[in-house]
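# Summary of structural features
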Amino acid sequence: MHKKLNLEELVASKELEKEKTEECSDLENEQLYDLIIPPGTVVSIIYDIVEEFGLEPLTRKMFVGVANSEERELLVLRGPLEKVQAAEKFLYDEMKAWIESQ
């Protein structure tokens, strides 16, 4: 039986990993960017992105102007610009391939 993917477990494991590898606070701050994951994205693709590009999964409250315009908590993947841009391309390529296979 395979393990069911769970985003909360992914976020928790990455936070634990971050705490273990946290370096001295005197290091210069790196510019970080967020890749917003669209609601309905296939969870296995999100896992692949996090593992392949080493991005940090977080949630952010954002205004979503769909049907009932409201503020929602969305998943974002945070990291350096180059990694976020590569992950964005990977996300759209994988989603396109997934849609075409359906």
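This write-up is about the structure you can find in this document.

Secondary structure assignment for the protein yields three helices and three strands. Along the protein, from the amino end to the carboxyl end, the secondary structure elements read α-β-α-β-β-α. Residues classed as buried in the protein amount to 29% of the 102 residues present. Long-range contacts, defined as pairs at least 24 residues apart, comprise 67% of the intrachain contacts of the protein with a sequence gap of at least 6. In the structure as shown, the protein presents an accessible area of about 7800 Å², 51% of it carried by carbon and sulfur atoms.

We now examine the packing of aromatic side chains. Overall, the coordinates contain one aromatic pair when judged by the stated rule. The interplanar angle of 65° and the centroid separation of 5.7 Å between the aromatic rings of F53 and F90 together place this pair among those described as edge-to-face. Of this pair, F53 sits in helix α2 (residues 43-53) while F90 sits in helix α3 (residues 81-101), and the two are 37 residues apart along the sequence. Each member of the pair, F53 as well as F90, is classed as buried.

Before going further, it helps to examine the pairing of strand β3 (residues 70-79). The pairing of strand β1 (residues 33-36) with β3 spans four bridges and is classified as antiparallel. Its bridge partner being in β3, D34 is matched across the sheet by R78. With nine bridges joining them, strand β2 (residues 56-64) and β3 adopt antiparallel strand pairing. Directly across from V64, in β3, lies its bridge partner E70.

Within the largest apolar cluster, 18 residues are counted, with the highest numbers of intra-cluster contacts made by I37, I49, L55 and L77. For this core, the elements supplying multiple residues, two or more each, are α2, β3 and α3. Per element, the largest residue contribution to this core is six residues, and it comes from α2. Ignoring any residue separated from it by four or fewer positions in sequence, one finds I49 in contact with G54, L55, L77, A87, F90 and L91.

Rules and cut-offs
- Residues numbered from 1 in each chain as written.
- Predicted model: local features only at pLDDT ≥ 70, side-chain atom pairs only at ≥ 80, totals over all residues.
- Heavy atoms only, no water.
- Helix = DSSP H or I, 4+ residues; strand = E, 2+ residues; numbered from the N terminus.
- Buried < 20%, exposed > 50% of the residue type's maximum accessible area, 1.4 Å probe, protein only.
- Contact = heavy atoms within 4.5 Å.
- Areas by Shrake-Rupley, 256 points an atom, 1.4 Å probe, with all protein chains shown as cover.
- Phe/Tyr/Trp six-rings, centres within 6.5 Å; stacked < 30°, edge-to-face > 60°.
- Pairing = 2+ DSSP bridges.
- Core = buried A, V, L, I, M, F, W, Y, C linked by side-chain atoms within 4.5 Å.

By themselves, these are just geometric observations and shouldn't be taken as functional.
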